[in-house]
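Spelled out from the first residue to the last, the chains are:
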Amino acid sequence: MSEQLRIGVFVCECGLNIAGTVDCDALSEDAKTLKDVVCVIKNKYTCADPGQNEIKKAIGEYNLNRVVVASCTPKIHEPTFRQCVAEAGLNPYLFEMANIREHCSWVHPHDREKATEKARSLIRSAVSRARYLQSQEEATVPVTQSALVIGGGVAGMQAALEIADAGFPVYLVEKQPSLGGIMAALDKTYPTMDCSI
Amino acid sequence: MTYSEVEQIAGYVGNFKARIRKKARYVNETECTACRACADICPVAVPDEYQQGFSSRKAIYIPFPQAVPSAYVLDMNNCLGNNPIACGKCQEACEKKCIDYDMKDVIMEVDVGTVVVATGVDVFDPSVIPEFGYGRHANVITSMEFERLICAGGPTDGHFIRPSDRQRPRRIGFVQCVGSRSRNGGNPYCSNICCMNTVKDTLLLKEHYPDIQSSVYYMDIRAFGKGFEDLYMRSKEKGVRYIRGIPGRIDEDPDTKNLLLTVENTTANRIEKHDLDMVVLSVGVIPQRDANVVQQLLTLSKTSDGFFMESHPKLKPVDAPTKGVFFAGCAEAPKDVKDSVTQAGAAASRSNILLNAGKVKVEAITSMINKSQCTMCGICARVCPYNAITAPDKKKGIYPVVIEAACTGCGTCSAECPFDAITMRHFTDEQIMAQVETLLADKPMQKILCFACNWCSYAGGDMAGTSRLEYPSSIVLVRTMCSGRVDRKFVLHAFRCGAPLVMVSGCHFSDCHYISAVTWTQRRVERLWNDLEKWGIRPERLQLEWISAAEGQKFARVMRELEELREQVTVEEVEFTKKVLQNKK
Amino acid sequence: MACVEMIFRCLRCGHEFEEKADPKDFPKELTCPKCMSNSVRRIIKERAEEKKE
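Given the structure is predicted, the values throughout are model-derived calculations rather than measurements.

K.L.:
What exactly am I supposed to notice about the overall build of chain B here?
P.N.:
Of the regular secondary structure elements, chain B holds 15 helices and 28 strands. For chain B, the spread of C-alpha atoms along the principal axes amounts to about 90 × 65 × 45 Å. Across the 585 residues of chain B, 58% fall into the buried class. Here the analysis covers contacts within chain B between residues at least 6 apart in sequence; of these, 68% occur between residues at least 24 apart.

K.L.:
Is there a simple way to explain unusual backbone geometry in this structure?
P.N.:
With glycine set apart, most residues show a phi of negative sign, and most peptide bonds adopt trans. Geometrically, the link from Tyr190(A) to Pro191(A) is a cis peptide bond, its omega value of -5° lying close to zero. Mapped onto the secondary structure, Pro191(A) falls in the loop between β8 (188–189) and β9 (194–195). In this structure, Pro27(C) follows Phe26(C) across a cis peptide bond, with omega equal to 0°. Along the chain, Pro27(C) falls in the loop between β2 (16–21) and β3 (40–44). One non-glycine residue with positive phi stands out, namely Ile515(B), at about 55°. Residue position: Ile515(B) is located in the loop between β27 (501–506) and α13 (517–534).

K.L.:
Help me out: how do you make sense of the interface of chain B and chain C in this one?
P.N.:
Often, the extent of an interface is quoted as the loss of accessible area upon association of its parts. Listed per partner, the contact involves 23 residues of chain B and 15 residues of chain C. Interface area lost by chain B to chain C is led by Phe509(B), Glu526(B) and Trp529(B), which between them contribute 26%. At the surface where chain B touches chain C, the tally comes to four salt bridges. For Arg42(C), the salt bridge goes to Glu526(B), with nearest N and O atoms at 3.9 Å. At the boundary of chain B and chain C, one finds 13 residue pairs in polar contact (both at pLDDT 80 or more). Going through the elements one at a time, α13, β28 (542–546) and α14 (552–568) of chain B are the ones with two or more residues in the side of chain B that touches chain C. A class-by-class count of the residues in the side of chain B that touches chain C yields nine nonpolar, six polar and eight charged.

K.L.:
Which parts of the structure should I look at to understand the arrangement of the chains?
P.N.:
Considering every one of the two pairs of chains in contact, the largest contact total is recorded for chains A and B. Separating chain A from chain C is a minimum C-alpha gap of 21 Å, and the two share no contact.

K.L.:
So what exactly am I meant to see when it comes to the side chain of Ser214(B) here?
P.N.:
Relative to the helices and strands, Ser214(B) resides in strand β12 (residues 213–218). Those residues within four positions of Ser214(B) in sequence are excluded, and the remaining contacts are Ile172(B), Phe174(B), Thr202(B), Leu205(B), Gly239(B), Val240(B) and Arg241(B).

K.L.:
Sorry if this is basic, but what is going on with the packing of aromatic side chains here?
P.N.:
Between two aromatic rings, the relevant description is the distance of the centres plus the angle of the planes. Using the criterion set out here, one finds 15 aromatic pairs over all chains in the structure. Residues Tyr232(B) and Tyr242(B) carry aromatic rings whose centres are separated by 5.0 Å and whose planes lie at 85° to one another, so their mutual orientation is edge-to-face. Pair noted here: Tyr232(B) is in helix α5 (residues 228–237) and Tyr242(B) is in strand β13 (residues 241–244), with a separation of 10 residues, a long-range link. The buried category is assigned to Tyr242(B), whose relative accessible area is 14%. Between Phe308(B) and Phe327(B) the ring centres are 5.5 Å apart and the planes differ by 5°, which places this aromatic pair in the stacked class. Of this pair, Phe308(B) sits in the loop between α6 (291–298) and β19 (325–327) while Phe327(B) sits in strand β19, and the two are 19 residues apart along the sequence. This pair shows no difference in class: Phe308(B) is buried, exactly as Phe327(B) is. Feature note: the residues Tyr190(A), Phe224(B) and Phe228(B) constitute an aromatic cluster, connected by ring pairs. Lying over the aromatic face of Tyr61(B), Arg57(B) brings its terminal NZ or CZ to 3.7 Å of the ring centre. One residue, Lys28(C), lies across the ring of Phe26(C), its end atom 5.2 Å from the ring centre.

K.L.:
Mind showing me how you'd approach the nonpolar core here?
P.N.:
One recurring pattern in soluble globular proteins: nonpolar side chains tend to sit buried together. If you look at the biggest cluster of nonpolar residues, it comprises 108 residues, and the most contacted ones within it are Val9(A), Val67(A), Phe451(B) and Leu542(B). Apart from residues no more than four positions distant in its own chain, Phe451(B) is found in contact with Ile432(B), Val436(B), Val478(B), Val486(B), Phe490(B), Val491(B), Val502(B), Met503(B), Val504(B) and Ser505(B). In terms of nonpolar packing, the next biggest core, distinct from the first, is built from 29 residues, Ala184(A), Leu186(A), Phe64(B) and Ala67(B) among them.

K.L.:
What is the right way to look at the sheet that holds β28(B) in this model?
P.N.:
Within a sheet, adjacent strands bond to each other through the backbone by hydrogen bonds, running parallel or antiparallel. Residues and elements named next belong to chain B. If you trace the four strands from one edge of the open sheet to the other, you get β26-β25-β27-β28, paired in parallel fashion. Strands at the two margins of the open sheet, each flanked by one partner only, are β26 (475–480) and β28. Strand-to-strand twist in this sheet, taken as the mean axis angle between neighbours without regard to direction, amounts to 20°.

K.L.:
Looking at this model, I keep getting lost on the interface of chain B and chain A. Mind explaining?
P.N.:
In this assembly, 110 residues from chain B lie in contact with 73 residues from chain A. Regarding the contact of chain B and chain A, the summed buried area is about 7,800 Å², with carbon and sulfur atoms giving 62% of it. Interface area lost by chain B to chain A is led by Leu355(B), His426(B) and Ser473(B), which between them contribute 8%. Where chain B packs against chain A, one counts four salt bridges. Of the charged contacts, one joins Glu138(A) and Lys361(B) as a salt bridge, the two residues approaching to 3.3 Å between their closest N and O atoms. At the boundary of chain B with chain A, the tally comes to 49 residue pairs in polar contact (both at pLDDT 80 or more).

K.L.:
Please clarify how the pattern of salt bridges should be interpreted in this entry.
P.N.:
Oppositely charged side chains can pair when the atoms bearing their charge come close. All names here are of chain B. Throughout the structure, instances matching the rule amount to 60 salt bridges over all chains. Residue Asp420 pairs with Lys489 through a salt bridge whose shortest N-O separation is 2.6 Å. Placement of Asp420 in the loop between α9 (412–416) and β24 (422–424) and of Lys489 in helix α12 (residues 488–496) is noted, with a sequence separation of 69 residues between them. Classification of Asp420 as partly exposed rests on a relative accessible area of 34%. For Lys489, a relative accessible area of 17% puts it in the buried group. Of the charged contacts, one joins Lys534 and Asp531 as a salt bridge, the two residues approaching to 3.3 Å between their closest N and O atoms. Note that Lys534 and Asp531 are positioned in helix α13 at a spacing of three residues, about one turn of the helix.

K.L.:
Explanation requested: the pairing of strand β3 (residues 66–71) of chain A in the structure shown.
P.N.:
Consecutive side chains along a regular strand alternate between the two faces of the sheet. Residue and element names in this part refer to chain A. Counting buried residues along β3, six of its six residues qualify, which places the element largely inside the surrounding structure. By the alternation rule, side chains of β3 split into Arg66, Val68 and Ala70 and Val67, Val69 and Ser71, which are all buried. Inspection of the sheet shows strand β1 (residues 7–12) paired to β3 by five bridges, in the parallel sense. Residue Phe10 lies in a different strand from β3, and its bridge partner there is Val69. Both β3 and strand β4 (residues 95–99) contribute to a ladder of five bridges, which runs parallel.

K.L.:
What am I meant to see in the sheet that holds strand β1 (residues 4–12) of chain B here?
P.N.:
All names here are of chain B. Here three strands make up an open sheet; going across it, the order is β1-β2-β7 and the pairing antiparallel. Single-partner strands in this sheet number two, and they are β1 and β7 (106–112). Averaged over all neighbouring strand pairs, the angle between strand axes comes to 20°, with direction disregarded. Bridge count for strand β2 (residues 15–22) against β7 is seven bridges, and the pairing is antiparallel. Looking at the pairing, Ala18 lines up with Val110 of β7. Along the sheet, α6 makes contact with β1 and β2, crossing β1 at roughly 20°.

Cut-off values and rules
Residues numbered from 1 in each chain as written. Chains lettered and ligands numbered in written order. Predicted model: local features only at pLDDT ≥ 70, side-chain atom pairs only at ≥ 80, totals over all residues. Heavy atoms only, no water. Helix = DSSP H or I, 4+ residues; strand = E, 2+ residues; numbered from the N terminus. Buried < 20%, exposed > 50% of the residue type's maximum accessible area, 1.4 Å probe, protein only. Contact = heavy atoms within 4.5 Å. Buried area = accessible area lost by both parts, 1.4 Å probe. Salt bridge = Lys/Arg side-chain N within 4 Å of Asp/Glu carboxyl O. Polar contact = N/O pair within 3.5 Å; in protein donor to acceptor, adjacent residues only side chain to side chain. Nonpolar A, V, L, I, M, F, W, Y, C, P; charged D, E, K, R; others polar. Phe/Tyr/Trp six-rings, centres within 6.5 Å; stacked < 30°, edge-to-face > 60°. Lys NZ or Arg CZ within 6 Å of the ring centre and 35° of its normal. Core = buried A, V, L, I, M, F, W, Y, C linked by side-chain atoms within 4.5 Å. Pairing = 2+ DSSP bridges. Axes fitted to C-alpha atoms, helices over the stretch in contact; angles between N-to-C directions.

If you want it as structure tokens, here you go:
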């Protein structure tokens, strides 16, 4: 890897959700000692606009090429932060999260020392992973604008009609000599007792 | 295209190529005016499938009067001697000259962007349940046969008669759950439609013949839809008897052909015998018999009941796990007309999103084959749940190729590749190994390293967090997209770094987000257990657990259990392990 | 169905149990009836399967 790694770590307090259990100042101090980490910023709410703006500002100021956010689960805010770093010109896949809320502060509320120790491990681990992150491109492939519907019963016909109504050619394939499927063999249908053909 | 079958589908989302066989109809369907001259003269009569065999049709026939296309079809299997020249009467009779005995099947190739699977269901055959006597007793019929007998367009012009003597029956019994909700002689699932279908049938009978006596033998009446309960109540008000109990046997009086039904009335708690003129078996539905052809073509999977498995049971109920493929109707599960139409609309809409965009974003997290290490063994192509890797050909020197649009990034190929020739983007070996090393760098004896899949077990951990369920802080997680990504070398490396306990966790088999990737996780862990034992390492130190996203409770419980196990691991044991694993792969 | 008697051992609680199962159904999700853990190891496999591996 030719480029010099410049990692930014953003520690989120999440109000008291994280800071109430975990010593965020200690986490920040620890992160500063890690190799390749050039900036550490602590926020009350990193996901909020001011927090995101700090990330964007830091990417420009410190010329960051990797961003680690230590906050909640990536299942909530990974898309948020990916978007955020992308807006600052960084490839979204050069971003990594450390889950120190759902997997730490919320589940170890009665042992500040141990919880802080675990959060420290999680951040360090995220930073190690971040070192190896690479840009990824989300490629697009063209879509042929027509559809195949297999089965000409009531469901197949309905689907085919609706796709065709949207203006796309549809190939509806039915193995029997006539459309209709099982419904065509019924007399009336419930609950309205109307004719099925 | 009617009278056609899909023979082959290749490709991936947005770019499917389908080969369709249009079977020879021997009648030009655009020219045919359905004048019936051909059928009138045809000398061959065979049972009419549409009328459930109650009447006959000719070898050249139209399936039913309202058929689409409104054109005749020549059934070559029944045409005289399989040699039309021997007869040729229909061709002579056809004014439009649209009958062509030499017509051949036509193969068509079409390019499509999306596929909707609407293959429907078949109907359960009750003759496998001997105690109901279907096939032996003339007056025991199925609910599908009932439909034809009561239909004005049916073989009896809507006069409801019983098959044995063509007389109108006065006492009719309906037996529910035939072929459904049964562990023996049928299927375990509920067929969804039969309860309401019977309620409907009883009302139809009451409308036609107010004096008719109907009784329904049931386990539970499931009238759960809009307007359903109302219809059920109407049926009861009209005097239909609902008896809770499935008949044990149905006997036939050889002279009158009347039926004697024996049932345990579980409400009254007694065995009852009922004299009936006719019995309708409310048959369930079964997965389409030839649906496996479509299944193989599109690499779909099925749930244990034989219906197609959706991408996600709640959040993606119309998407197939294969991208660009959607389900409509009973192919996915038994459903009634309304639900079929609803799902069809959803499938069309899902499909139109792709068609309308004209392009589709593919996952950035996909696998990549490094030719320099690849030996063309083909394991990757075999384990891929999506068939997204083309099989290599060693003789011809063709390497496997990842079809990126079909790859979903589970990482199973990368973990299973014995030659480390597959890189998983964004979840590379070095990224994961670095995490493992760092997590175990400090006080490894105090740590339990847990690999968790993004969709289920990691989310289960989140759930534990959201629910504030406490568990020991020794647990540290490494996230992968799927447990299928967890390479054995990650596990061994964790032990090498001094982990006292390692856990691999993923989704339950039934909700693996990568179809079957989780089965490879299980196999891999089983192999690791064997190897660890062989090397003198307690296999108990490698734990396996399936935790769903909703199982926060289970997550916390398992973590507490693991902590107890961790406490039993000794420093000597860990040091021994490190030494043993030094040069093991 | 060729069901055979199989022995399973739970690697969480140590519980051992026997069950009839069809080797064709594996791998499948296994759960210890005693502690509900999924760390269940098949310790005696059907012979045919052993040969295959």
